[in-house]
Amino acid sequence: MENEKGLSMVVFDVEGVIIPKQRYLLEESTLLSRGSQSLVILDGLLYEMGIRPLKTSLERIYRHFRGVAFDDLTESFKRIPLVPGAPEVIDRLKTRGFSIALISSGVPEPFVQRLARELGADYAIGPTLEVEEGRLTGRIFSDIIETDGKEKALARILEEASVPPSACAVVADDRNNLPMFRLGVLRVGFNPDFALTAQSDHVVRGDLDEVLPILLNEPQPFTLDPRRPPLRIREAIH
């Protein structure tokens, strides 16, 4: 089923869109020693600053988790809140006939699948953590952590769902998602970094529900709420 804009699928990045940005590593690193916590945060910052590529950063980060019980990691993940409005946004899209995909290169696939079940998403992709006898080995692997991993993952989903790229929108927040933008999808930057802003068709700076008028091809509702001035809600990038 397509809406008036011709869209039938929406892909959401996970960290920074569905869960708060940087909250995953901050929460999970509480399972580590103080020294390891600092190193994990440093590795994350070096990636955010563009100094180190994603794959290298993730490999270095998860080495610190060697020996951590996977069940403890799972319990820690359960404490991470959703971005306000995420369930309502996805529910609204589902009622309008959209398929929903969650794609992450940093949040492990079992946790992305948990979010998908909670939110009613149709597809969930993330990297694999190697686990032996219930504990992490410190290894992370998957095509999704490669430079063009998200592009390949989305291409597989579109092929499986028989959805052309022109009928798909991607909602994302940082440069790691730029490869998906190359497929010819509708590109929506949600509180994006500079690199993603420059490549987005639309930019939303505010709350997640503000992507709905773009995705549903509806006019932005007028609001007198001074906390959400309508002029800042959407930017069209030309």
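Residues numbered from 1 in each chain as written. Predicted model: local features only at pLDDT ≥ 70, side-chain atom pairs only at ≥ 80, totals over all residues. Heavy atoms only, no water.

J.: Any chance you could explain the overall build of the protein chain here in plain terms?
T.: In terms of regular secondary structure, the protein chain is built from ten helices and nine strands. Looking at the 238 residues of the protein chain, the share that counts as buried comes to 49%. Total accessible area on the protein chain is roughly 11400 Å²; 51% of this is exposed by carbon and sulfur atoms. (Helix = DSSP H or I, 4+ residues; strand = E, 2+ residues; numbered from the N terminus. Buried < 20%, exposed > 50% of the residue type's maximum accessible area, 1.4 Å probe, protein only. Areas by Shrake-Rupley, 256 points an atom, 1.4 Å probe, with all protein chains shown as cover.)

J.: Would you mind going over the packing of helix 4 (residues 70–78) against helix 6 (residues 109–119) with me for this structure?
T.: When two helices pack together, their arrangement is given by the angle between the helix axes and the distance between those axes. Direction vectors running N to C along helix 4 and helix 6 enclose 40 degrees, while the axes themselves pass 11 Å from each other. Classified by the interaxial angle, the pair formed by helix 4 and helix 6 is oblique. Crossing of helix 4 over helix 6 shows right-handed handedness. Contacts from Phe70, Leu73, Thr74, Phe77 and Lys78 of helix 4 reach helix 6 at Pro110, Phe111, Arg114 and Leu115. (Axes fitted to C-alpha atoms, helices over the stretch in contact; angles between N-to-C directions. Parallel < 35°, antiparallel > 145°, perpendicular 65-115°, else oblique. Left-handed = near helix turned anticlockwise from the far one by under 90°. Contact = heavy atoms within 4.5 Å.)

J.: Would you mind going over the pattern of salt bridges with me for this structure?
T.: Pairing between side chains of opposite charge can happen when the charged atoms of each approach one another. Under the counting rule described, the total for this entry stands at 14 salt bridges. Taking the shortest distance from any N to any O, the salt bridge between Arg23 and Glu27 comes out at 3.6 Å. Residue Arg23 and its partner Glu27 are located together in helix 1 (residues 23–28), separated by four residues, close to a single helical turn. Given a relative accessible area of 31%, Arg23 falls into the partly exposed group. Residue class for Glu27 comes out buried when judged on its relative accessible area of 12%. (Salt bridge = Lys/Arg side-chain N within 4 Å of Asp/Glu carboxyl O.)

J.: Any chance you could explain the environment of Val107 here in plain terms?
T.: Here Val107 is to be found in the loop between strand 2 (99–103) and helix 6. Sequence separation between Val107 and Ile125 is 18 residues, and the spatial gap between their C-alpha atoms is 9.1 Å. Once residues lying within four places of it in the same chain are set aside, the contact partners of Val107 are Val14, Ile19, Tyr24, Phe77, Val112, Gly126 and Pro127.

J.: Got a minute to help me understand the layout of surface pockets in this structure?
T.: Roughly 470 Å³ of volume is contained in the largest pocket. What lines the largest pocket is a set of 27 residues, and nearest its centre among them are Glu15, Gln22, Leu25, Tyr47 and Glu48. At six residues, the largest contribution of residues to the lining of the largest pocket is made by helix 2 (residues 34–48). Split into classes, the residues belonging to the lining of the largest pocket amount to twelve nonpolar, eight polar and seven charged. Reported here for the second largest pocket is a volume of approximately 210 Å³. What lines the second largest pocket is a set of 14 residues, and nearest its centre among them are Tyr47, Leu54, Thr147, Arg175 and Asn176. At the level of elements, helix 3 (54–63) and helix 8 (178–181) are the ones that each hand at least two residues to the lining of the second largest pocket. Looking at the lining of the second largest pocket residue by residue, the classes come out as six nonpolar, three polar and five charged. (1 Å grid on protein atoms, 1.4 Å probe; cavity = no way out; pocket = protein on both sides within 12 Å on 5 of 7 lines; lining within 4 Å. Points joined across faces, edges and corners; volume = space filled by probe spheres on them. Nonpolar A, V, L, I, M, F, W, Y, C, P; charged D, E, K, R; others polar.)

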